[in-house]
Each structure stands twice: as C-alpha cells, then as structure tokens.
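Chain by chain, the residues:
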Amino acid sequence: SLTILEFENDAMGTVDNCRKSPQGYDQRVEVFGTKGQVAFSNNYPNQLTIYDDVSVRRDLPLNFFMDRYMDAYRNETIEFVDAVVNDTPTPTTPHDGRAAMVMSLAAKKSLLEGRPVDTSEIKP
C-alpha cells in the first residue's frame, strides 16, 4: 500500500509498505529536502558485507520484532521508569499517541472512501 501525506507547510511524504518482503523484514526511512537528506536503514545481525566479482552479499535484516527493537524497548522502559520515579514528563505524550491514531484512521477512511482525507475529519 502507499499512503501520501501532505503537511501543513506544503511538504509531502509517502509511506510505502507491504506485508511480504522476500529479502527479510525491510524497514528504512529516507527524508529528502532542499538542503540535504537523512536516512536510516535496516538492522542486521552483523555489519559484514562481502563483495566479489559476481555479487554483493550480506545477512538478511533482523526479522523478529524483539530482535529489531530490543534497544528501543529498553530505552522506552528506562525513560518511563525515570519519569515515574522523578515525577517528570515522559518524552512522548498522549497527544503523540492520538496523532498517530488519527493518521491511521484517516488513511483507512481514505482507502474505504477512495478520496483524500484530512486529519481534521477524524473526530475523537
């Protein structure tokens, strides 16, 4: 599926996803702008890549979500415990969670209705 995002500042983005990836779980982000680019790629079990005169080879990306996101889950837990112990705000807010849900619901509504859907159409 392909989701096209139009931002308030007229920037555009796309989210391209598929449930099947024969080369392994493929998850990359690339952002291109007028002043440069930022990107991050898949996590692999090692950093080895073999180059020779007939091919380029490396291991497949990490496939199981606990392997892919172990560091993220650990950091999330540390930040949450720190916020509870020190009575400080968490790095993410309920607003962040709602924003993600609203975008998901707008994408689904767009699919079902066959038209662009503005997030302002999604009510609590």
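Scroll up for the structure.
Residue positions are given per chain, counting from 1 as you read along its sequence in written order. A pLDDT threshold of at least 70 governs which residues receive local features in this predicted model, and a stricter bar of 80 or more applies before side-chain atom pairs are shown or counted, although totals over entire chains, interfaces and linings include all residues. Only hydrogens and water are set aside; all other atoms, that is, all heavy atoms of the structure, feed into the side-chain values.

### Brief notes about the overall build of the protein chain
Then, number 1: Counting secondary structure elements, the protein chain contains two helices and six strands.
Then, number 2: Radius of gyration means the value over C-alpha atoms here, while the globule rule gives 2.2 Å times the residue count to the 0.38 power. A globule of 124 residues ought to have a C-alpha radius of gyration of about 14 Å, yet the protein chain, at 19 Å, is considerably larger.
Then, number 3: In terms of overall dimensions, the protein chain has a C-alpha envelope of 55 × 45 × 35 Å along the principal axes.
Then, number 4: When a residue's accessible area, from a 1.4 Å probe over protein chains only, is under 20% of the maximum for its type it is buried; when over 50% it is exposed; and in between it is partly exposed. Across the 124 residues of the protein chain, 9% fall into the buried class.
Then, number 5: The contacts in the protein chain between residues at least 6 apart in sequence include a share of 18% that link residues at least 24 apart.
Then, number 6: Charge centroids of the protein chain, computed over 13 positive and 19 negative side chains, lie 6 Å from each other. The helix and strand labels rest on DSSP assignments: H or I over at least four residues marks a helix, E over at least two residues marks a strand, and numbering proceeds from the N terminus. Whether two residues are in contact is decided by their heavy atoms, any of which lying within 4.5 Å being enough. The charge count treats Lys and Arg as positive and Asp and Glu as negative. His and the chain ends do not count. Charged side chains are reduced to one point each, which is NZ for Lys, CZ for Arg, CG for Asp and CD for Glu.

### Some words on a nonpolar patch on the surface
Then, number 1: A cluster of nonpolar side chains, contributed by Phe64, Phe65, Met66, Met70 and Tyr73, occupies part of the molecular surface with about 430 Å² of accessible area.
Then, number 2: By secondary structure assignment, the location of Phe65 is in helix α1 (residues 65-86). For patches, a residue must show more than 30% relative accessible area and have no salt bridge; joins then use 9 Å for like charges and 5 Å for nonpolar side chains, namely Val, Leu, Ile, Met, Phe, Trp and Tyr. All accessible areas in this document rest on Shrake-Rupley with a 1.4 Å probe, and a residue is counted as covered only by the protein chains that are shown. For salt bridges, the criterion is a side-chain nitrogen of Lys or Arg within 4 Å of an Asp or Glu carboxyl oxygen.

### Here's the deal with the pairing of strand β4 (residues 36-40)
Then, number 1: In terms of residue burial, β4 counts as a barely covered element, since only zero of its five residues are buried.
Then, number 2: Pairing analysis gives five bridges linking strand β3 (residues 29-33) to β4, with the strands arranged antiparallel. Paired with Gly33 across the strands is Gly36, a residue of β4.
Then, number 3: If you look at the hairpin formed by β3 and β4, you'll find two residues sitting between the two strands. For two strands to be treated as a pair, DSSP must find at least two bridges joining them.

### With respect to the pattern of salt bridges
Then, number 1: Counting across every chain of the model gives five salt bridges.
Then, number 2: A salt bridge links Arg57 to Asp52, with the shortest nitrogen-to-oxygen separation between them at 2.8 Å.
Then, number 3: Residue Arg57 is classed as partly exposed on the basis of its relative accessible area of 38%.
Then, number 4: Each of Lys109, Glu113, Arg115 and Glu121 takes part in a single network of salt bridges with overlapping partners.

### Observations concerning the environment of Thr93
Then, number 1: Locating Thr93 in the fold gives a position in the loop between α1 and α2 (94-113).
Then, number 2: Thr93 sits in the partly exposed class, given a relative accessible area of 38%.
Then, number 3: Considering only alpha carbons, one finds Thr93 and Thr14, 79 residues apart in sequence, at a separation of 24 Å.

### A closer look at the pairing of strand β1 (residues 2-6)
Then, number 1: Counting buried residues in β1 gives zero out of five residues, a small share hidden from the surface.
Then, number 2: Two strands pair when backbone bridges link them, and β1 and strand β2 (residues 12-16) are joined in this way by five bridges, in the antiparallel orientation. Residue Leu5 lies in a different strand from β2, and its bridge partner there is Gly13.
Then, number 3: From the end of β1 to the start of β2, which pair antiparallel, there are five residues, and Asp10 there has a positive phi angle of about 75 degrees.

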